[in-house]
Amino acid sequence: MAIILYDLCARDERIRFSPHCWKIKMALAHKGLPFETRPTPFTKIPEIGGGFSKTVPVIDDGGKLIRESFDIALYLEDAYPDRPSLFKGEGGRAEAKFVESWAITDLHPPLLPLIIRDIHGGLDEENQAYFRESREKRFGKTLEDMQAGRDGLVGAFRDKALAPLRLTFKRQPFLGGDTPTFADYIVFGAFQWARVVSPFPVLEAGDGVSDWFERCLDLHGGIGREMRAAA
Ligand SMILES: N[C@@H](CCC(=O)N[C@@H](CS)C(=O)NCC(=O)O)C(=O)O
């Protein structure tokens, strides 16, 4: 039976933009596990499993519900040990946790103001109201004010926030080494989020990080690239 993934969707249900859900789509494809997605707008998340989670992704594997992207990846690794490994061993699990922590503290925060108003633009009316209210309360600024400075912010984002990735890709094609691991999918999710919601060029063509992202878009039959980029 196919695993079900509750996957955040935009006004157009075909548009799937959540960075955390992309991690899991890539992880499921990496393991070669059949899965189906259930398009889920922000305001419908509380209905999953009768209030099972405040966030997506959530997976349903034969009636067993799992939430939190990192825990889902660990579950898939342990439940399907004969499939290609997401972590390449214990050390890989521990290192992927560091990559996730870095993405939360140092990658998502500077990326969000570059695309936050564009995320809102893709939602339906009910979800626009929810997104605006929750995010403006959280950040103490309007979405418009947050995104207004992006032309001035993107240079520092590329130079500083992406420096550790750029340095790494000088030596190896993936964070996982010669082949990708869940660490790659954690970071991929962030850039796929930006690619799907916004035409703003957060990555510069020809940069090592951009080259790596292009490689990731082609992985697993190109499931990342199949999702159309925002125009
Ligand atoms: N720590 C969670 C974070 C998931 C998360 O923040 N998901 C967002 C979508 S990208 C969400 O569901 N937000 C619900 C909301 O804002 O109401 C994970 O890794 O799964």
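To be clear, the structure that these remarks concern was listed above.
This write-up is about the structure you can find in this document. Computed from a predicted model, the values in this text were never measured in an experiment.

1. As for the site of the ligand
Neighbouring residues of the ligand: 14 residues in total, closest Val56, Glu68, Ser69, Tyr130 and Arg135. Take Val56: an N or O atom from its main chain is 2.8 Å from a nitrogen atom of the ligand. Separating an oxygen atom of the ligand from a side-chain N or O atom of Tyr130 is a distance of 2.3 Å. Look at the ligand: alone it shows 520 Å² of surface, and the protein chains cover 80% of it. Residue assignment for the shell around the ligand shows that the elements contributing at least two residues are helix H1 (19-30) and helix H4 (125-139). Split into classes, the residues belonging to the shell around the ligand amount to seven nonpolar, four polar and three charged.

2. Let's talk about the pairing of strand S1 (residues 3-8)
Burial of S1 is extensive: six of the six residues sit out of reach of the surface. Side chains of S1 alternate between two faces, with Ile3, Leu5 and Asp7 and Ile4, Tyr6 and Leu8 buried alike. As judged from the six bridges shared by S1 and strand S2 (residues 35-40), these two strands associate in the parallel manner. Among the inter-strand pairings, Ile3 is bridged to a residue of S2, identified as Phe35. Chirality of the crossover, the property in question, places the unit of S1, H1 and S2 among those that are right-handed. Pairing analysis gives three bridges linking S1 to strand S3 (residues 58-61), with the strands arranged antiparallel. Note on S3: the bridge partner recorded for Leu5 is Ile59.

3. Let's talk about the pairing of strand S4 (residues 64-67)
Two strands pair when backbone bridges link them, and S3 and S4 are joined in this way by four bridges, in the antiparallel orientation. From the neighbouring strand, Val58 faces S4, where its bridge partner is Arg67. Linking S3 to S4, which pair antiparallel, is a turn of two residues; within it Gly62 sits at a positive phi near 60 degrees.

4. Some words on H4
An ideal rise of 1.5 Å per residue puts 21 Å on 15 residues; H4 measures up with 21 Å between its terminal C-alpha atoms. Within H4, the full set of buried residues consists of Asn127, Gln128, Phe131, Ser134 and Arg135. Viewed along the axis of H4, the buried residues span an arc of 150 degrees, placing them on a single side of the element. Exposed and facing more than 90 degrees away from the buried side of H4 are Glu125, Glu133 and Lys137. Close packing links the buried residues of H4 with helix H3 (90-121) and helix H5 (143-148). Note on H4: the residue one or two positions beyond its end, Gly140, has a positive phi of about 70 degrees.

5. Considering the sheet that holds S2
Reading across from one edge, S2-S1-S3-S4 is the order of the four strands in this open sheet, with mixed pairing throughout. Looking at the sheet topology across the chains shown, the edges are occupied by S2 and S4. Strand after strand, the sheet turns through a mean of 20 degrees between neighbouring axes, direction not considered. Across the sheet, H1 is in contact with S1, S2 and S3; its angle to S1 comes to roughly 155 degrees. The strands touched by helix H2 (residues 69-79) are S1, S3 and S4; relative to S4, the strand with the most contacts, the crossing angle is about 130 degrees.

The rules behind each value
Residues numbered from 1 in each chain as written. Predicted model: local features only at pLDDT ≥ 70, side-chain atom pairs only at ≥ 80, totals over all residues. Heavy atoms only, no water. Near = heavy atom within 4 Å. Polar contact = N/O pair within 3.5 Å; in protein donor to acceptor, adjacent residues only side chain to side chain. Areas by Shrake-Rupley, 256 points an atom, 1.4 Å probe, with all protein chains shown as cover. Helix = DSSP H or I, 4+ residues; strand = E, 2+ residues; numbered from the N terminus. Nonpolar A, V, L, I, M, F, W, Y, C, P; charged D, E, K, R; others polar. Buried < 20%, exposed > 50% of the residue type's maximum accessible area, 1.4 Å probe, protein only. Pairing = 2+ DSSP bridges. Right-handed = clockwise from strand over helix to strand, strands pointing away. Expected span 1.5 Å × (residues − 1). Arc of directions from axis to C-beta. Contact = heavy atoms within 4.5 Å. Axes fitted to C-alpha atoms, helices over the stretch in contact; angles between N-to-C directions.

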